[in-house]
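Descriptive structure summary
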Amino acid sequence: MEWSDVRIFLSVARHGTLGAAARRLGQTQPTMGRRLRALEAALGHTLFQRTREGFVLTDEGQAMLPHAERMEEEALALERELAGGEAVLEGLLRVSCSDWFGVVLLTPVLAEFAGLHPRVTVELLTDPRVYSLARREADLAFRIRPFDEPEVISRRLLSIPYGVYVQAGGPHPTAGDGAGVPLVLMDTAFGGMPDVAWIERKLPNARVATRSNNREVQARLCALGAGIAVLPRPLADATPGIEAVDLGEPPPGRDTFVGYHRDLRRQRRLRALLDLVIARLAA
């Protein structure tokens, strides 16, 4: 049994299909299938039931899963320990954040960092999923909620104010009604966000025109006249064609937190990037 095959087993177990697992590991689907069959042959057990919907763990696969996860944990701990003791500023850093935060606030910092440390490659991940710091899916993460993982070192980075915006030159609604006013909101999966409840309370009779989990999309829809949007002020300031609306009080802002795995606390390239981010963005 080889560790590389165990990684394939874990990826298939987590993603449910060979295709998704292959994309995650950067391998081809035929190679993944061949290595998985080799692992099953080495163990003498079938680990997955192949169904039309995807790969489902058998009883033997379920029994193997916690052991494989412990193997992965030890292997990643070794990687983090060795990475933490590096002597030169070079290598890869994976950074995770929201879409608009990456575009508006983080890219100027990353551009400056690239000039200071040209041998470090920064990979910026801006999709909505939460990347695991323990599995090194990301080295440095920015989130709108505090980190609750015990192995993560984190701090509050800054507090971001929000505002209400409408297409430039468009009509401004007044608080308390909102009849006929179109709204651009977060999608239903993020319906519990504070700004969604706030705007629905301020404009109880408004109608939802469009939804998106992407703040930049919301800002663009607002600029095109699709409706009123609650946006982070740094994003709104960078978006032409919109103007602020006064509804008597500002919407609730959000804190942004930054975190990294404790095993990387001595990694010089991560420390250099974090220090620059704090110097440029911290409140």
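Notes on the structure follow. (Residues numbered from 1 in each chain as written. Predicted model: local features only at pLDDT ≥ 70, side-chain atom pairs only at ≥ 80, totals over all residues. Heavy atoms only, no water.)

So, the overall build of the protein chain
Stated formally: Only DSSP runs of H or I reaching four residues or more are called helices, and only runs of E reaching two or more are called strands; each is numbered from the N terminus. Only protein chains enter the area calculation, which uses a 1.4 Å probe; residues under 20% of their type maximum are buried, those over 50% are exposed, and those in between are partly exposed. Residue burial considers only the protein chains on display, and all accessible areas are found by Shrake-Rupley using a 1.4 Å probe.
Tallying secondary structure elements over the protein chain gives 9 helices and 12 strands in all. In terms of principal-axis extent, the alpha carbons of the protein chain reach across some 70 × 50 × 30 Å. Expressed as a percentage of its 283 residues, the buried residues of the protein chain come to 45%. Carbon and sulfur atoms make up 51% of the accessible area of the protein chain, which totals about 14,300 Å².

Quick look at the pairing of strand S5 (residues 140-143)
For the record, the criterion: The pairing criterion is simple: DSSP has to find at least two bridges between the two strands.
The two faces of S5 match: Leu140 and Phe142 on one face and Ala141 and Arg143 on the other face are all buried. Across 3 bridges, S5 lies against strand S12 (residues 254-261) in antiparallel orientation. Bridge pairing in S12 links arginine 143 to phenylalanine 257.

Remarks on the packing of helix H1 (residues 3-15) against helix H2 (residues 18-25)
How we decide: Here, axes are lines fitted to C-alpha atoms. For helices the fit covers the stretch in contact, and angles between N-to-C directions go from 0 to 180 degrees. If an angle is under 35 degrees, it is roughly parallel; if it is over 145, roughly antiparallel; if it lies from 65 to 115, roughly perpendicular; otherwise it is oblique. For a crossing to be left-handed, the near helix must be turned anticlockwise from the far one by less than a right angle; the clockwise case is right-handed. The contact definition used throughout considers only heavy atoms, calling two residues in contact when any of these lie within 4.5 Å. Classification used: nonpolar for Ala, Val, Leu, Ile, Met, Phe, Trp, Tyr, Cys and Pro, charged for Asp, Glu, Lys and Arg, polar for all others including Gly.
Between H1 and H2, whose axes approach to 8 Å, the crossing angle comes to 125°. By the angle class used here, H1 and H2 are oblique. Here H1 runs over H2; the crossing is right-handed. Residue-level contacts link Arg7, Ile8, Ser11, Val12 and His15 of H1 to Leu18, Ala20, Ala21, Arg24 and Leu25 of H2. Along the lines of polarity and charge, the residues of the contact of H1 with H2 split into 6 nonpolar, 2 polar and 2 charged.

So, the environment of tyrosine 260
With respect to the element layout, tyrosine 260 can be found in strand S12. Each residue touching tyrosine 260, except ones within four places of it in the same chain, is listed here: Leu133, Asp139, Leu140, Glu151, Val152, Ile153, Arg265, Leu270, Arg271 and Leu274.

Details of helix H3 (residues 29-43)
Where we set the bar: Working rule for helices: expected span equals 1.5 Å times residues minus one. Think of it as the arc spanned by the lines of direction from the helix axis to the C-beta atoms.
If you check H3, its first and last C-alpha atoms are 21 Å apart, about what 15 residues at 1.5 Å a residue would give, namely 21 Å. Among the residues of H3, Met32, Gly33, Leu36, Leu39 and Glu40 are the ones counted as buried. The arc that holds the buried residues of H3, viewed along the axis, is 125°, so those residues lie on one side. Among the exposed residues of H3, those oriented more than 90 degrees off its buried face are Pro30, Ala41 and Ala42. Positioned one or two residues after H3, glycine 44 has a phi angle of 75°, which is positive.

Considering the sheet that holds strand S3 (residues 91-96)
Read across the open sheet, the 5 strands follow the order S4-S3-S5-S12-S6; overall the sheet is mixed. Only two strands of the sheet have a single neighbouring strand rather than two, namely strand S4 (120-125) and strand S6 (152-160). For this sheet, the mean angle separating the axes of adjacent strands, direction not counted, is 20°. Sheet topology note: the S3/S4 ladder contains 6 bridges and is parallel. Across the sheet, leucine 92 pairs through a bridge with threonine 121, a residue of S4. Contacting S3, S4, S5, S6 and S12, helix H5 (residues 99-116) runs over the sheet at an angle of about 180° to S4. Against the sheet, helix H9 (residues 268-281) touches S3, S4, S5, S6 and S12, its axis set at about 40° to S3.

Some thoughts on the packing of aromatic side chains
One pair of aromatic rings is described through two measures. These are the centre distance and the angle between the planes. As a reminder, the rule being used: Ring pairs are drawn from Phe, Tyr and Trp, using the six-membered ring of Trp, whenever the two centres fall within 6.5 Å, and their geometry is named by plane angle: stacked under 30 degrees, edge-to-face over 60, tilted for the rest.
For the coordinates displayed, the defined rule picks out 4 aromatic pairs. With centroids separated by 6.0 Å and ring planes inclined at 75°, the aromatic side chains of tryptophan 100 and phenylalanine 101 adopt a geometry described as edge-to-face. Among the residues examined, tryptophan 100 registers a relative accessible area of 5% and is labelled buried. Accessibility expressed as a relative area gives 2% for phenylalanine 101, which makes it buried. Plain terms: the ring middles of phenylalanine 101 and phenylalanine 142 are 5.4 Å apart, the flat faces sit at 35° to each other, and that makes the pair tilted. A residue pair is termed long-range when its members are at least 10 positions apart, and phenylalanine 101 in helix H5 and phenylalanine 142 in strand S5 qualify at 41 residues. The burial state of phenylalanine 101 is the same as that of phenylalanine 142; both residues are buried.

Considering the packing of H1 against H3
Packing of H1 against H3 leaves a shortest axis separation of 9 Å and a crossing angle of 110°. Between H1 and H3, the angle is such that the two are roughly perpendicular. Residues Asp5, Val6, Ile8, Phe9 and Val12 of H1 lie in contact with H3, whose contacting residues are Met32, Arg35, Leu36 and Leu39. For the contact of H1 with H3, the per-class residue count stands at 7 nonpolar, no polar and 2 charged.

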